[in-house]
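# Tertiary structure, described
Residues per chain, in single letters:
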Amino acid sequence: LNEFSSAHMLFCEEEEAWHFERKGYVTRKAVQYHFDNINKATGAKFESFEEYVMSLKPNRRKSLRRERRNIYEKEGITLQVLEGSEISVEVIDLCYELYEATHNEKFIYQEQYLNREFFRRLASGPFRQYLTVVLAKRGRETIA
């Protein structure tokens, strides 16, 4: 035996996972979603969210619009988008605090890799011009 505390085989095919299960490994299923900004009908990039919505089937369009209406109107949630020089140190600190709170709530058994200094360097370095922060707010309170 080895001294490993855990082993992870990511994105296995079913047949591969079966071999691990036979050896006593515990499997965990997860799902990842990837969005490609490509309209499959035209091969071109979507120029707007509305263009993307219009590419969906009517039932999905209606459902998506209802979900968004619930979020924005019924829940009173708004989005604030900040780019480059609009992002203050206070906003960066808030981003770190949101990251830390999420990590502490959901990933308590995993090491927290990013620290406040990482966030601050990101916002003050050469990448700042490419940085975008999207804050979700309910009233004046930032919730995400």
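Above this text is the structure in question.
The structure reproduced in this document is the subject of the present report. What you see is a predicted model, and the numbers here were worked out from it, not measured in a lab.

### A closer look at helix H4 (residues 89-106)
In an α-helix there are 3.6 residues to a turn, and that puts residues three or four apart on one side. The first and last C-alpha atoms of H4 sit 26 Å apart over 18 residues, in line with the 26 Å expected at 1.5 Å per residue. Among all positions in H4, only Val91, Ile92, Asp93, Cys95, Tyr96 and His103 are buried.

### Regarding the packing of H4 against helix H5 (residues 116-124)
One way to put it is that H4 packs onto H5 with a least axis distance of 9 Å and a crossing angle of 140 degrees. Looking at the two axes, H4 sits oblique to H5. When the axes of H4 and H5 are compared, the crossing they make is right-handed. Counting all contacts with H4, which are made through Val89, Ile92, Asp93, Cys95, Tyr96, Glu97 and Tyr99, the residues of H5 involved are Arg116, Phe119, Arg120 and Ala123. When the residues that make up the contact of H4 with H5 are grouped by side-chain class, the tally is seven nonpolar, no polar and four charged.

### Notes on the nonpolar core
In this structure, Leu82, Ile87, Val91, Ile92, Cys95, Tyr96, Phe119, Ala123, Leu131, Val133 and Leu135 together form the largest nonpolar core, which totals eleven residues. Where this core is concerned, the elements lending two or more residues are H4, H5 and strand E2 (132-138). A per-element tally of this core places H4 first, with four residues. Those residues in contact with Cys95, other than ones at most four positions away along the chain, are Phe119 and Val133.

### Examining the packing of aromatic side chains
Taken as a whole and judged by the stated rule, the model has eight aromatic pairs. When the centroid spacing of 5.4 Å and the interplanar angle of 80 degrees are considered together, the rings of Phe20 and Tyr25 count as edge-to-face. According to the relative accessible area criterion, Phe20 is partly exposed, its value standing at 28%. According to the relative accessible area criterion, Tyr25 is partly exposed, its value standing at 41%. For the pair Tyr99 and Phe119, a centre-to-centre distance of 5.6 Å together with 45 degrees between the ring planes defines the contact as tilted. Placement of the pair is Tyr99 in helix H4 and Phe119 in helix H5, with a sequence separation of 20 residues. Among the aromatic residues, those joined into a cluster by ring pairs are Phe35, Phe46, Phe49 and Tyr52.

### With respect to the sheet that holds strand E1 (residues 77-83)
Across the sheet, three strands lie side by side as E1-E2-E3; this open sheet has antiparallel pairing. Since the sheet does not close on itself, it has two edges, and those belong to E1 and strand E3 (141-142), each with one partner. Direction of pairing for E2 relative to E3: antiparallel, over a ladder of two bridges. For Arg138, the partnering residue across the bridge sits in E3 and is Glu141. Packing of H4 onto the sheet brings it into contact with E1, E2 and E3, and relative to E2 it is tilted by some 70 degrees.

Reading the values: rules and limits
Residues numbered from 1 in each chain as written. Predicted model: local features only at pLDDT ≥ 70, side-chain atom pairs only at ≥ 80, totals over all residues. Heavy atoms only, no water. Helix = DSSP H or I, 4+ residues; strand = E, 2+ residues; numbered from the N terminus. Expected span 1.5 Å × (residues − 1). Buried < 20%, exposed > 50% of the residue type's maximum accessible area, 1.4 Å probe, protein only. Axes fitted to C-alpha atoms, helices over the stretch in contact; angles between N-to-C directions. Parallel < 35°, antiparallel > 145°, perpendicular 65-115°, else oblique. Left-handed = near helix turned anticlockwise from the far one by under 90°. Contact = heavy atoms within 4.5 Å. Nonpolar A, V, L, I, M, F, W, Y, C, P; charged D, E, K, R; others polar. Core = buried A, V, L, I, M, F, W, Y, C linked by side-chain atoms within 4.5 Å. Phe/Tyr/Trp six-rings, centres within 6.5 Å; stacked < 30°, edge-to-face > 60°. Pairing = 2+ DSSP bridges.

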